[in-house]
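# Inside the fold
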Amino acid sequence: MASLFILGFIAVVEPGKSTTSATPTNLLGTISDENGFIKDAELSVTDSTGMVRATASLNGEQGYDLELPVKTVYPVIISATYHVYQHAAKAVGAKEDVPVGEKDEAELRTAILESGSTIVGVSLSPISTQIVDIARARGGITPENIAHASAAVLNLDSGEEPEEPRSRGHEGY
């Protein structure tokens, strides 16, 4: 039986090939960027066959709870699309910055390599996105590629700057 642990922000397991879940998997986590928690986003989970297995919307909630059905083929990619806004400087006495217009749409990603009954703490962030992108550029979402990408992004091998991802989007696993 493969052991499961969280490395950085990506669930990682012992080496193995794609697996299919025999039971539903419940994923619990948060989405954040450099400005803090994201509370308005559209989530989707795509399995290694390219099939969207679950979707959800965050409507003011700080976290998400997704259930992946039986026969989901792992690894899976969780994607969150949200709007990034330009903000005016905080006025004296104001409780928060004021959005002044929509800037762009952004996407964050993370990967889950193997099913489990409940996987808690699955965060989507710029770091998890960079890890997924580097792993894909190395040839796919595998335990080895995730480990190398995590080391590069988290600067575990040296004091050098993290490697920039060479690919974007959902080009495959």
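Our structure's up above, just so we're on the same page.
Residues numbered from 1 in each chain as written. Predicted model: local features only at pLDDT ≥ 70, side-chain atom pairs only at ≥ 80, totals over all residues. Heavy atoms only, no water.

### Regarding the overall build of the protein chain
In plain terms, the rule: Numbering of helices and strands runs from the N terminus, with a helix taken as a DSSP run of H or I at least four residues long and a strand as a DSSP run of E at least two residues long. Think of it in three bands: with a 1.4 Å probe and only protein chains considered, a residue is buried below 20% of the maximum accessible area for its type, exposed above 50%, and partly exposed in between. What sets the accessible areas is the Shrake-Rupley method with a 1.4 Å probe; for residues, cover comes only from the shown protein chains.
Within the protein chain one finds two helices and 13 strands. The 173 residues of the protein chain split such that 39% are buried. Carbon together with sulfur atoms contributes 50% to the accessible area of the protein chain, which is approximately 9,400 Å² in total.

### Considerations on the pairing of strand 7 (residues 40–47)
Counted only if it meets this: A strand pair is defined by DSSP finding two or more bridges across the two strands.
Both strand 7 and strand 8 (residues 52–59) contribute to a ladder of seven bridges, which runs antiparallel. Along strand 8, the bridge assignment pairs V45 with A54.

### Some details on the nonpolar core
Selection criterion: Side-chain atoms within 4.5 Å link the members of a nonpolar core, which is a set of buried Ala, Val, Leu, Ile, Met, Phe, Trp, Tyr and Cys residues. By the convention used here, residues are in contact when the closest approach between their heavy atoms is within 4.5 Å.
Within the largest apolar cluster, 23 residues are counted, with the highest numbers of intra-cluster contacts made by L27, I31, L43, Y64, L66, I78 and I112. Only strand 7, strand 8, strand 9 (63–68), strand 11 (76–88) and strand 12 (98–112) provide two or more residues apiece to this core. Examining the composition of this core, we find that five residues originate from one element, strand 11, more than from any other. Ignoring anything within four residues of it in the chain, the contact list for Y64 reads L27, L28, G29, T30, I31, L43, L58, I78, V122 and L124. Counting eleven residues, the second-largest nonpolar core is a separate cluster that includes I77, L113, A149 and V153.

### Comments concerning the sheet that holds strand 13 (residues 118–120)
This is how the line gets drawn: Fitting a line to C-alpha atoms yields each axis, with helices limited to the stretch in contact; the angle taken between N-to-C directions then spans 0 to 180 degrees.
The strand order across the open sheet built from three strands is 9-4-13, with neighbouring strands paired in mixed fashion. Taken across any chain shown, the strands that pair with only one partner, and hence form the sheet edges, are strand 9 and strand 13. Direction aside, neighbouring strands of the sheet carry axes that sit 15° apart on average. Relative to strand 9, strand 4 (residues 25–30) is paired through six bridges, and the arrangement is antiparallel. Counted as the bridge partner of T30 is G63 from strand 9.

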